[in-house]
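Fold and contact review
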Amino acid sequence: LKQRYPGLYLSRLTVNRVKDRFAHVAPAELPARLRIVFDGREQAIDIAPIVRRASEPLVDEVLEGLRRVLESCTSDSTEEMLSNVVLAGGCARMPGLEDRLRDELREEFGQASNVRIPEDPTVLAANGALRWAHFLREEEWEIPLFSFAP
């Protein structure tokens, strides 16, 4: 956005709202027009190509994550895993993501691959974290001070 509209300055909150409203990886270009005041006047700007280009890397990141998970699976469980891919979290509802991932997985791993989105993927992510937390022992809750250092 900064390159195309140098006079446009958006807060992080507005950028997140734009992402939530317009991000997509659908095959067709979806409309994404903003009415905003910048350069001293109200303007309507089309950000569809910019948002689409910014959304595309998510598909590759999710696929790469799935490949890493599959590498740690036993050979006899891979097909079952691929037939039960569930998208969770805020980006799960991104238009086109479910179909794109299903198509990419089927191309790479075969027709048994299936991707689905639950009714409320955001709540599912939080519930999954809570469920996992119940398996931890008390001493596993502590995060060492330098655990995130490279």
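A few points on the structure.

Cut-offs and rules
- Residues numbered from 1 in each chain as written.
- Predicted model: local features only at pLDDT ≥ 70, side-chain atom pairs only at ≥ 80, totals over all residues.
- Heavy atoms only, no water.
- Salt bridge = Lys/Arg side-chain N within 4 Å of Asp/Glu carboxyl O.
- Helix = DSSP H or I, 4+ residues; strand = E, 2+ residues; numbered from the N terminus.
- Buried < 20%, exposed > 50% of the residue type's maximum accessible area, 1.4 Å probe, protein only.
- Core = buried A, V, L, I, M, F, W, Y, C linked by side-chain atoms within 4.5 Å.
- Contact = heavy atoms within 4.5 Å.
- Expected span 1.5 Å × (residues − 1).
- Pairing = 2+ DSSP bridges.

Applying the stated criterion across every chain yields a total of 9 salt bridges. Put simply, Glu 56 and Arg 100 hold a salt bridge, and the shortest N to O gap is 3.1 Å. Of this pair, Glu 56 sits in helix 2 (residues 48–71) while Arg 100 sits in helix 4 (residues 97–109); the two residues are 44 residues apart in sequence, bridging distant segments of the chain. Since its relative accessible area comes to 22%, Glu 56 is described here as partly exposed. Taking the shortest distance from any N to any O, the salt bridge between Arg 67 and Glu 108 comes out at 2.8 Å. Of the two residues, Arg 67 sits in helix 2 while Glu 108 sits in helix 4, which places them 41 residues apart along the sequence. Relative accessible area serves as the criterion here: at 26%, Arg 67 is assigned to the partly exposed category. Through salt bridges that share partners, Arg 52, Glu 56, Arg 100 and Glu 104 make up one connected network.

For the rest of this paragraph, the subject is the nonpolar core. With 28 residues, the main nonpolar core has Tyr 5, Phe 22, Ile 45, Ile 47, Leu 97, Leu 101 and Leu 105 as its most contacted residues. At the level of secondary structure, the elements contributing two or more residues to this core comprise helix 1 (12–22), strand 1 (33–38), helix 2 and helix 4. No other element matches the 7 residues that helix 2 contributes to this core. Other than its neighbours up to four places away in sequence, Tyr 5 contacts Phe 38, Ile 45, Asp 46, Ile 47 and Ile 50.

So, on to helix 2. An α-helix turns once every 3.6 residues. As a result, residues three or four positions apart point the same way. Taking 1.5 Å of rise per residue, the 24 residues of helix 2 would be expected to cover 34 Å, and the 36 Å separating its terminal C-alpha atoms lies within 8% of that figure. All of the buried residues along helix 2 are Ala 48, Ile 50, Val 51, Arg 52, Ser 55, Val 59, Leu 63, Gly 65, Leu 66 and Leu 70. As for helix 2, its buried residues are in contact with helix 1, strand 2 (41–46), helix 3 (78–82), strand 3 (85–86) and helix 4.

Right, let's talk about the pairing of strand 1 for a bit. Successive residues of a regular strand alternate their side chains across the two faces of the sheet. Burial of strand 1 is one-sided: the residues Leu 34, Ile 36 and Phe 38 facing one way are buried, the residues Arg 33, Arg 35 and Val 37 facing the other way are not. Of the strand pairs in this sheet, strand 1 and strand 2 are connected by 6 bridges, and their pairing is antiparallel. Looking at the pairing, Ile 36 lines up with Gln 43 of strand 2. Where strand 1 folds back onto strand 2 in an antiparallel hairpin, the turn is made up of 2 residues, including Asp 39, whose phi is positive at roughly 55°.

The next thing to look at is the environment of Phe 109. Note that Phe 109 resides in helix 4. Given a relative accessible area of 33%, Phe 109 falls into the partly exposed group. C-alpha of Phe 109 to C-alpha of Val 59: the two residues are 50 residues apart in sequence and 16 Å apart in space. Beyond its immediate stretch of four places on either side in the chain, Phe 109 contacts Arg 67, Leu 70 and Leu 82.

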